[in-house]
Amino acid sequence: MSDAEVFRASALTRVYRMGEVEVHALRGVDLVLYGGELVVLLGPSGSGKSTLLNILGGLDRPSAGTVTVHGHDLTAAGEGELTAFRRHFVGFVFQFYNLIPSLTARENVAIVTEIARDPMAPEAALELVGLGGRLDHFPSQLSGGEQQRVAIARAIAKRPQVLLCDEPTGALDSKTGITVLEVLERVNEEFGTTIAIITHNADIASMAHRVIHFKDGLIDAVECNTQRRRARELSW
Amino acid sequence: MTLGLWPPRALTRKLWRELWTMRSQAVAIAVVIAGGVGTLVMFLTSLYALTETRAAFYQEYRFADLFVSAERAPVGLLAEIAEIPGVQRLADRVEAGATLELPSFDEPITGQLLSLPDGENAVLNRLHVSVGRLPEAGSGREVVVSDGFAEAHELRPGDRLSAVIRGRYQRFEIVGVATSPEHVYQIRPGDLMPDHRRYATVWMNREALAAAYDMEGAFNSLTVALTRDARPGEVIAELDRLLEPWGGRGAHDRDFQTSHRLLEDELTQLRSIAVLIPGIFLGVAAFLLNVVVGRLIATQRETIGILKAFGYSSGAIALHYLQLVLLIVALGIGLGVGLGYVLGEQLALLYAEFFRFPFLDYRLQPRTVAIGAAATTLAALLGTLTAVQRAARLPPAEAMSPEPPPSFRPTLFERLLAYWGVQRWLGQPTRMILRSIERRPGRSLMAIIGIAFAVGILLISPYQRNALDTIVDAQFSLVQRDDVSVTFYEPVSRRALHELAGLPGVQQVEPYRQVAVELIAGHRTHRLAVLGLERDASLRRLLDQEFAEVPLPTAGVLMTDYLAEMLELEVGDTLEVRLLEGRRETVQVPVSGTIAEYIGVSVYMELTALNRLLGEGDAISGAWLAVDAEQRPALLSALERRPLVFGVIESEAALENFRDYLDDTMGAILVLTTALAAVIAFGVIYNNARIGLAERSRELASLRVLGFTRGEVSYILLGEQALLILLALLPGFVVGHYLYAGLVAAVESDLYRVPLLPSPAGMATAALVVLVVAVISGGVVRRRLNRADLVAVLKARE
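Residues numbered from 1 in each chain as written. Chains lettered and ligands numbered in written order. Predicted model: local features only at pLDDT ≥ 70, side-chain atom pairs only at ≥ 80, totals over all residues. Heavy atoms only, no water.

1. Observations concerning the overall build of chain A
Each helix and strand counted, chain A has six helices and 10 strands in total. Taking 2.2 N^0.38 as the reference for a compact globule, 236 residues should give roughly 18 Å; the C-alpha atoms of chain A span a radius of gyration of 17 Å, in line with that estimate. When its C-alpha atoms are laid out on the principal axes, chain A stretches across 45 × 40 × 40 Å. Looking at the 236 residues of chain A, the share that counts as buried comes to 57%. When contacts within chain A are restricted to residue pairs at least 6 apart in sequence, those whose partners lie at least 24 apart make up 71%. Surface exposure of chain A reaches about 9400 Å², of which carbon and sulfur atoms provide 48%. For chain A, the centre of its 23 positive side-chain charges and the centre of its 29 negative side-chain charges are spaced 1 Å apart. (Helix = DSSP H or I, 4+ residues; strand = E, 2+ residues; numbered from the N terminus. Rg over C-alpha atoms; globule rule 2.2 N^0.38 Å. Buried < 20%, exposed > 50% of the residue type's maximum accessible area, 1.4 Å probe, protein only. Contact = heavy atoms within 4.5 Å. Areas by Shrake-Rupley, 256 points an atom, 1.4 Å probe, with all protein chains shown as cover. Lys, Arg positive; Asp, Glu negative; His and termini not counted. Charge placed at Lys NZ, Arg CZ, Asp CG, Glu CD.)

Here it is in structure tokens:
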């Protein structure tokens, strides 16, 4: 973990129009993420954590406020810049894996490494998540945990500076979930990748450097873990 | 116990909302259905209109059943003919050829002169006088002209017309404009297309015509109406026997009556198209409904499960989705019937330009609408049955759980590349495309077939153009090399050639002799005129299939290959020829060779050999002239007043007339086929892309999140469509080839054959049209893809 700022969000608000109702997903969030840090975002459904993550990852735009990445204003970026940003800078992991069903594990990773600047080999990325033996399996031939690990391999293969994970263990049983968290922990430690994990599961918070609590579109509290637990020590 | 309202209002509301959600796809399918129903209604309605109109016209105006001409038969013979069992009514008349002149038109006009009973309408083949009246009794100057001719020259009663009848210049006054069942198709014998400016039928009182042709107390043309129980073959034999001494040229039935025959051929062609084109549309519509409804049901698995859990029966669920299908079908039928009615009238009017009916019984038949609706509904139900059945059969528990992830495997193509060790050439997006196509081979195949038919339909017009161009080229530049063709009233001596050679501008003169004969080969017979020409003729050439010249044999005959097939003759066989002129004998002649001809069927013989058979000296029936273009007008006016010259045909004018026809008709066919094909192509490509977008929105969004640009993502979705289109082009060319082959096979006859020649330019255009359609539909789908909400898609449960 370093002190270098990766993301800086200032007075971030996001208002959705859902039919005739206005939903205030973010109501003025200030946040800094530092290089190499592992952050857990906790909070109930609708508290704004996913919206924040999507804005940080260039999938969504704030209604007001700014986000900078290494000092560059992300909110002013055009469509092309955002695409390039996603391509080279951030990796995503979602609750429902979102693998391409028509591509094998290896090809699901290759689809990213083919367009990245300095990627690792797809095989190496899959080896890293413990799937070196299932390279040529299609998603329909893999378990949920394995699919999620392929998704992580796909996210890290381009050596992103930041990994944004939205409920990565949400669809998995605890044993499989812990295997996935171990992989994230390893990526954080070996590559110094900044990782933000959204979860409902308070148990996961204990593996983070920092835990950010969300409530009603605002940051409710931030705590720093002085005593971090290893992923494999977790249980729920 | 009551089951309450049926269908439940909530379900009905669901139906309408879903229809609204998928409106663009529903409309795209409805338009394809409308294409099918529209073409079906269009063809059936015009077919019905033409058939009914013809039947009514024939009956009301007493179209004859048998036709025969003779040299000169005494009127007294009629009593004997009337006694032939089966003869109901006779109409004898005088028929003659003449060259006509109009003050406003300085080119020669060929006229067919027909006599009318003095001051009365004909007994058979009665005239329908559309303007003016019939000639008054006793008037030798009043004539009625055919309506096509009158229209082409804007002639009205009171206008003047002159004719050179056997060299005598006579002035007439037009008192009426008419048509008759014999003249529905007003074409000069031997022409490709009607040329109303240069061909006319002129009716006049018998007395005047008989006087000019030395036919007082005689007739040279007879038409016969038969009783219902008559045996035409026997009547024909009796007629031939009785007329034999009077130069009878053999009686024939309606099948050899030019107007009837051409009309019948046209109706046959229309009948085959009426099945073919709508069939293609309805097949494509069935496929589209299958895909779209299949997709809808797949996305509604859970809804179906819940409805069933609430107690809806399988039948109710099936009915619900069928209603959706039927709504789309109903929209298509409504559009199609309207479209078909409007287009059908245009088509019937187009036909009416060629077929001169006095009236056109055009109306929408309830039966036609019923046929269209039934055929469409059947096709739609067949197309959606499996999909709807799948929905009805799902057990609720299974239906409520999400569909298992689709399984994929490397495609055959990839495994081949792997076998050669070059699979790394394929990027992941390309693999996705290939695997998606191979995972649903049935759907991909149907899409390819659909697009192939669109390509095929696009080829009809260029194939037709190509065929007609070839016919024109062969006919006007290779075979008929004369500038002007001259026909005499009756065979004349060769001395006439010197006279012709002396006329202004004539550079070359070649004679020909034409003799009416009956060809007999076993039990097969055919009537035509044998054409005798000189061995070294250069203004008329006889060509084989490869357009190489075939020399005339000294003794035997050359015949059109199609005629040889009709008569089941081969080169070397002997043919019996019954001469219907001259010595009127039956002679044996060897078949020395065959030639290729697109128009008509003919038998050719060396001129002197033919005359030897006839027992006539050096007689000729006419001549072909090569003419100095600058002196052509002078030549034509010199020919008009020649006593023996009856028909003058200019090649240039015939060619121009044919080209005019091509430009008129082919333009309409081109627009129609292009529109039809575009509808099919758009229906298939757009729906396919939309389904692809719906099915793959998740993975496409994933790729966007992974940093793929819109263009790269579009490549995966639209690349699949592009590949399907590419795969469809070649089969499409094959489909087009056979579509056209089917169309020409339906019309192939002794009147004409249409060559089946690939059109590379047409293929390129067809491919281009399909690509344009693809780009448009791709653009529409891409806009949707760009609008898709990445986050919402990804967070949804699979």
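2. With respect to a positive patch on the surface
Residue and element names in this part refer to chain B. A surface patch of like charges, here positive, comprises R23, R783, R784 and R787. In terms of residue count, the dominant contributor to the positive patch is helix α21 (residues 760–787) (three residues). With respect to the helices and strands, the residue R783 is situated in helix α21. (Patch = residues over 30% accessible without salt bridge, like charges linked within 9 Å, V, L, I, M, F, W, Y side chains within 5 Å. Salt bridge = Lys/Arg side-chain N within 4 Å of Asp/Glu carboxyl O.)

3. With respect to the pattern of salt bridges
Scanning all chains against the criterion turns up 44 salt bridges over all chains. Measuring nitrogen to oxygen at the nearest pair gives 3.1 Å for the salt bridge that ties R106(A) to D136(A). A residue pair is termed long-range when its members are at least 10 positions apart, and R106(A) in helix α3 (residues 105–113) and D136(A) in the loop between α4 (122–128) and α5 (144–156) qualify at 30 residues. In this structure, R527(B) and D240(B) form a salt bridge, with 3.1 Å as the shortest nitrogen-oxygen distance. Remark: D240(B) occurs in helix α6 (residues 232–243) and R527(B) occurs in strand β14 (residues 524–533); sequence separation between them is 287 residues. Classification of D240(B) as buried rests on a relative accessible area of 16%. Each member of the salt-bridge network shares a partner with another, and the members are D240(B), E518(B), R527(B) and R578(B).

4. Let's talk about the interface of chain A and chain B
Many structure descriptions define interface size as the accessible area lost when the parts assemble. Between chain A and chain B, the contact holds 27 residues from the first and 31 residues from the second. Around 2700 Å² of area is buried between chain A and chain B when both sides are counted, 60% of it from carbon and sulfur atoms. The largest contributions to the chain A side of the interface with chain B come from F96(A), N98(A) and S102(A), which together make up 19% of the buried area. R435(B) serves as the salt-bridge partner of E107(A), at 2.4 Å between the closest nitrogen and oxygen. (Buried area = accessible area lost by both parts, 1.4 Å probe.)

5. Here we look at helix α19 (residues 651–705) of chain B
The largest bend in α19(B) is about 70 degrees, located at R696(B). G707(B) sits one or two positions beyond α19(B) and adopts a positive phi of about 105 degrees. (Bend = angle between axes of the 7 residues up to and from the residue.)

6. Things to note about the packing of α19(B) against helix α20 (residues 710–747) of chain B
Pairs of packed helices are described in terms of their axes, by the angle between the two and the distance that separates them. Residues and elements named next belong to chain B. Where α19 meets α20, the axes come as close as 10 Å, and the angle between the chain directions of the two elements is 150 degrees. Crossing geometry of α19 relative to α20 is assigned as right-handed. For the pair formed by α19 and α20, the contact residues are I685, N688, A689, G692, L693, R696, L700, L703 and R704 on the first element and R710, V713, I716, L717, E720, Q721, L724 and I725 on the second. Counted by class, the contact of α19 with α20 contains 10 nonpolar, three polar and four charged residues. (Axes fitted to C-alpha atoms, helices over the stretch in contact; angles between N-to-C directions. Left-handed = near helix turned anticlockwise from the far one by under 90°. Nonpolar A, V, L, I, M, F, W, Y, C, P; charged D, E, K, R; others polar.)

7. Let's talk about unusual backbone geometry
Of note, the phi angle at H70(A) is positive, near 50 degrees, even though the residue is not glycine. For H70(A), a relative accessible area of 40% corresponds to the partly exposed category.

8. Brief notes about the packing of α3(A) against helix α13 (residues 428–439) of chain B
At a minimum axis separation of 9 Å, α3(A) and α13(B) run at an interaxial angle of 135 degrees. In this view, α3(A) runs oblique relative to α13(B), as classed from their interaxial angle. When α3(A) is examined against α13(B), the residues E107(A), A110(A) and I111(A) are found in contact with a partner set consisting of Q428(B), P429(B), R431(B), M432(B) and R435(B). Broken down by class, the residue content of the contact of α3(A) with α13(B) amounts to four nonpolar, one polar and three charged. (Parallel < 35°, antiparallel > 145°, perpendicular 65-115°, else oblique.)

9. Notes on the sheet that holds strand β10 (residues 218–226) of chain B
Residues and elements named next belong to chain B. On the basis of which strands lie adjacent, the open sheet formed by four strands has the order β2-β10-β1-β11 and antiparallel pairing. Edge positions in the sheet fall to β2 (87–93) and β11 (252–253), since each has one partner strand and no second. Relative to β11, strand β1 (residues 66–74) runs antiparallel, the two sharing two bridges. Opposite F67, over in β11, you have H252 as the bridge partner. Across the face of the sheet, α6 comes into contact with β1, β2, β10 and β11 while running at roughly 15 degrees to β1. (Pairing = 2+ DSSP bridges.)

10. Re the pairing of β1(B)
With six bridges connecting them, β1(B) and β10(B) associate as antiparallel partners. Bridge assignment links V68(B) to a residue of β10(B), and that residue is L222(B).

11. What about the domain arrangement of chain B?
Residues and elements named next belong to chain B. Per the domain assignment, the segments of chain B are domain 1 (65–259) and domain 2 (506–627). Using C-alpha coordinates to define each centre, domain 1 is positioned 28 Å away from domain 2. Opposite the 10 residues of domain 1 that make contact, domain 2 presents eight residues. With both sides pooled, the region where domain 1 packs onto domain 2 buries about 740 Å², and carbon together with sulfur makes up 45% of that total. The largest per-residue losses of area from domain 1 upon contact with domain 2 belong to E244, R249 and F256, which jointly make up 51% of the total buried on that side. (Domains from an automatic or database assignment.)

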